[in-house]
Amino acid sequence: MSASLPIAAIATAPGRGGIGVVRVSGPRLDAYIRDLLGRDLTPRHAHYLPFTTAEGEHIDEGIALYFKGPHSYTGEDVLELQGHGGPAVLKRLLARCLQAGHGLGMRLAEPGEFTRRAFLNDRLDLAQAEAVADLIDASSEAAARGAMASLSGDFSRRVNALAERIIHLRMLVEATLDFPEEEIDFLEKYQARPALDGLREDLHALIAQARQGVILREGLHVVLAGQPNVGKSSLLNALAGDDIAIVTPIAGTTRDKVVQEIHIEGVPLHIVDTAGLRDTDDTVESLGIERSWKEIERADLILHLQDATAPGDVLDKAITARLPARTPVLSVYNKTDLLAPDAPPLPQGAIGISARQGQGLDTLRTRLLQLAGWNPGGESPWLARERHVHALQAAAEHLELAAEHATHDDRVLDLFAEELRLAHDSLGNITGKFTSDDLLGEIFSSFCIGK
């Protein structure tokens, strides 16, 4: 589909609402607007007028806004029609917009196509475009603030600043290679090696902050694991502040996973309550236990819940031995309110709680964030994606290799220059300067239609 053809879509969420918006974007829409609305519009002014069919029948009445390119969201001419939010009204208005643009080849917009055009027309870089979707999907105030920081360009500016410093280093090494007869060591004269060390240090700091942004955006998959009747469902309810899971004294009550999203200091945690782990002849319960182990295998963090009144249980030891070694495990002992005053202390590093009484839950929340790698006292992060972290790590690896090649040997200096180029390209993947069309298609296909 040609990116030069005009597009149209309903830009508000499906369903009934007080206001609905139909958006049109394309090159040179002045004549189209006259045909659609029967008059010219002053750019960046609100016009109250009727929206009619080609035969003059009123569809709705509302506000028309015209943004003349390149001073618009997409960089093209953009028309927004704001009317009542009924689905039938908006569908009729969209059909009228498409009908009026038939001669121009106007079509329905694909998911994310308005933002993709903003990226292609240099109104946004790729990291900012992704932040648009993240802002829409933000599930907490902290995530919304992080997405807005990314959209305003904070992350991109940090990445571009590093890229500019790499370009400066590349210029120095290229000068050394191009003028070998000069008795000047450009790398020493302009302190290229200290500059490279500073770059590597700042890049590692940026990676750490990007990881924080990934946690804030995607959250953590936390699985509650343990044998039956240790209080997993009670703990889920206590963390969620609601009766999400059924709680009974009957072992094996939970037979399938129960998922609940909670927020701790703005960080989303996807808590999964699973069936109690034990040997059983019950077919249905066995299926639930099999699913529990699958959830445990894909967890970011495992919360192994045990009964504080029966520490060192044989089944708990068997569960511990089977937990995946690559996944962080937090040992939590429930029912501490039932312990005798002279009970032996819990194992070192374990947390004691009472899900029923609410004791120890604040300590548990803090430990969950610590194990997640979240730093509450650190700099407030922008949102980031896994692909951003991978690109930053790739750039860091290339800079490490470049440091190994920073010698006076011209043959090795060629490798130094190449590693700098690859590091620069890796950073360019974040902002979209060196990004494949396949990746662009994958990113923008996750957007909603109309954005």
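Residues numbered from 1 in each chain as written. Predicted model: local features only at pLDDT ≥ 70, side-chain atom pairs only at ≥ 80, totals over all residues. Heavy atoms only, no water.

The chain is annotated in an unreviewed UniProt entry as tRNA modification GTPase MnmE from Bordetella trematum. Its UniProt record gives the chain the following Subcellular location (unreviewed entry) comment, quoted word for word: "Cytoplasm". (UniProt positions renumbered as here; feature names shortened; annotations may be inferred.)

In this section: the packing of helix α4 (residues 126–137) against helix α5 (residues 141–151). The contact between α4 and α5 brings their axes to 8 Å, and the two run at 155°. In terms of orientation, α4 and α5 fall into the roughly antiparallel class. Our pair here, α4 against α5, has a crossing hand that is left-handed. Together, Gln128, Ala131, Val132, Asp134 and Leu135 of α4 and Ala144, Ala147, Met148, Ser150 and Leu151 of α5 make up the contact between the two elements. Each residue belonging to the contact of α4 with α5 can be placed in one class, and the counts come to 7 nonpolar, 2 polar and 1 charged. (Axes fitted to C-alpha atoms, helices over the stretch in contact; angles between N-to-C directions. Helix = DSSP H or I, 4+ residues; strand = E, 2+ residues; numbered from the N terminus. Parallel < 35°, antiparallel > 145°, perpendicular 65-115°, else oblique. Left-handed = near helix turned anticlockwise from the far one by under 90°. Contact = heavy atoms within 4.5 Å. Nonpolar A, V, L, I, M, F, W, Y, C, P; charged D, E, K, R; others polar.)

The next thing to look at is α4. Each full turn of the α-helix corresponds to 3.6 residues, which orients residues three or four apart in the same direction. In a regular helix each residue adds 1.5 Å, so 12 residues correspond to 16 Å; α4 covers 17 Å between its end C-alpha atoms and thus fits that length. Buried residues dominate α4, accounting for 9 of its 12 residues. Those residues of α4 not exposed but buried are Leu126, Ala127, Gln128, Ala129, Glu130, Ala131, Val132, Ala133 and Asp134. The backbone nitrogen of Ala127 has a side-chain oxygen 3.1 Å away, supplied by the residue at the start of α4, namely Asp125. (Expected span 1.5 Å × (residues − 1). Buried < 20%, exposed > 50% of the residue type's maximum accessible area, 1.4 Å probe, protein only. Polar contact = N/O pair within 3.5 Å; in protein donor to acceptor, adjacent residues only side chain to side chain.)

Our next topic: the sheet that holds strand β3 (residues 46–52). Strand order in the open sheet formed by 6 strands is β3-β4-β5-β2-β1-β6, and the pairing between neighbours is mixed. Unpaired on one side and paired on the other, β3 and β6 (107–108) mark the two borders of the sheet. As paired strands, strand β2 (residues 20–26) and strand β5 (residues 77–83) are joined by 7 bridges and run antiparallel to one another. Across the sheet, residue Ser25 finds its bridge partner in β5, namely Val78. Packing against the sheet, helix α1 (residues 30–37) makes contact with β2, β3, β4 (58–67) and β5, and its axis sits at approximately 20° to β5. (Pairing = 2+ DSSP bridges.)

Before going further, it helps to spend a moment on the UniProt feature "binding site: Mg(2+)" (unreviewed entry) in the chain. The sites that UniProt annotates as "binding site: Mg(2+)" (unreviewed entry) are Ser233 and Thr254. Mapping Ser233 onto the fold places it in helix α9 (residues 232–240).

As summarised here, the arrangement of the 6 strands in space is β8-β9-β7-β10-β11-β12, forming an open sheet in which the pairing is mixed. Taken across any chain shown, the strands that pair with only one partner, and hence form the sheet edges, are β8 (258–264) and β12 (351–352). Relative to strand β9 (residues 267–273), β8 runs antiparallel, the two being bridged by 7 bridges. Looking at β9, one finds that Ile264 is bridged to Val267. In the packing of helix α12 (residues 361–372) onto the sheet, the strands contacted are β7 (220–225), β8, β9, β10 (301–307), β11 (329–334) and β12, and the crossing angle to β11 comes to about 170°.

Take the side chain of Asp273 next. Along the chain, the position of Asp273 falls in strand β9. It is Lys232 that comes nearest to the buried, bridge-free Asp273 among opposite-charge side chains, at 5.2 Å. Separated by 2.6 Å, the side chains of Asp273 and Ser233 make a polar contact. (Lys, Arg positive; Asp, Glu negative; His and termini not counted. Salt bridge = Lys/Arg side-chain N within 4 Å of Asp/Glu carboxyl O.)

One can find Leu422 in helix α14 (residues 410–431). Note on Leu422: relative accessible area 25%, which makes it partly exposed. When the C-alpha positions of Leu422 and Ala394 are compared, they lie 8.6 Å apart, and in sequence the two are 28 residues distant.

In total, this model carries 26 salt bridges according to the counting rule given. The salt bridge partner of Arg365 is Asp362, with a shortest N-O separation of 3.0 Å. Here the residue Arg365 and the residue Asp362 both occupy positions in helix α12, the gap between them amounting to 3 residues, near one helical turn. Through salt bridges with shared partners, a single ionic network connects Glu130, Asp134, Arg217, Glu218, Arg385 and Arg387.

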